[in-house]
Amino acid sequence: MSCFTIYYQDKEKRVRPIGSREEYLKLRGSACQRTLTARARKGNLNAKKKLLQMNYSCLPQDGRLKGCRVPSGSVGMDVDFDPSLPDYRQRMEEVPRKVLAMKDQLGLLLLERSVSKGYHIVFRRHTELSQEGNLRWAQELLGVRYDEGAKDLTRVFFTTTDSAEDLLYLDDALFDNEPPPPPASGASVPPSPVPVLPPP
């Protein structure tokens, strides 16, 4: 599992590991982060760009995010919905109930409300699968589509606040920042139920 916060050095994205729940919550709960989140939710794109950014899927070896190919023990998944859809509110209400009800089967590590129109889900990696294979597995398990534009190991997530409305679930195992164990010989991925995916 892994949790890295993003910062810029010489216009390049660099990463710093977050090692504890306390450190993570302090970053999310700062007055600046709360103000930026509120402004971003009113459509202020400049405020959104200044929000904390996190990566949950890779282990950068030299502090640089770009080009990292080392997966961590966790996978970050972005789930978005179109607010113009008639069942948008229903979908937004159903996702946290479904994810929390299946947290053990999923291997849930984090569930948060995104800045605008969806959720970020972080779950334990199945090392037998690729990054995209893990996302497909979770999609089938939960019956919700992942954002296909957010399937890279180096994908970053704009983070919201530490409020109960934004941070819905957090497991301390997220902060071990260690590589996953190799897959056991003959290991197989737990099967997912036949998905019933809503239309995009």
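Coordinates for the structure precede this section.
Report follows, based on the coordinates.

Cut-off values and rules
Residues numbered from 1 in each chain as written. Predicted model: local features only at pLDDT ≥ 70, side-chain atom pairs only at ≥ 80, totals over all residues. Heavy atoms only, no water. Salt bridge = Lys/Arg side-chain N within 4 Å of Asp/Glu carboxyl O. Helix = DSSP H or I, 4+ residues; strand = E, 2+ residues; numbered from the N terminus. Buried < 20%, exposed > 50% of the residue type's maximum accessible area, 1.4 Å probe, protein only.

**Looking at the pattern of salt bridges**
Argument step 1. Summed over all chains, the structure comprises 13 salt bridges.
Argument step 2. A salt bridge links Asp162 to Arg34; its shortest N-O distance comes to 2.5 Å. Of this pair, Asp162 sits in the loop between β7 (157-158) and β8 (167-170) while Arg34 sits in helix α2 (residues 31-40), and the two are 128 residues apart along the sequence.
Argument step 3. Since its relative accessible area comes to 28%, Asp162 is described here as partly exposed.
Argument step 4. The exposure class assigned to Arg34 is partly exposed, which follows from its relative accessible area of 39%.
Argument step 5. Salt-bridge contacts for Glu132 lead to Lys151; the nearest nitrogen and oxygen are separated by 3.6 Å. Of this pair, Glu132 sits in helix α6 (residues 131-142) while Lys151 sits in the loop between α6 and β7, and the two are 19 residues apart along the sequence.
Argument step 6. Taking the relative accessible area as the measure of exposure, Glu132 reaches 28% and is therefore partly exposed.

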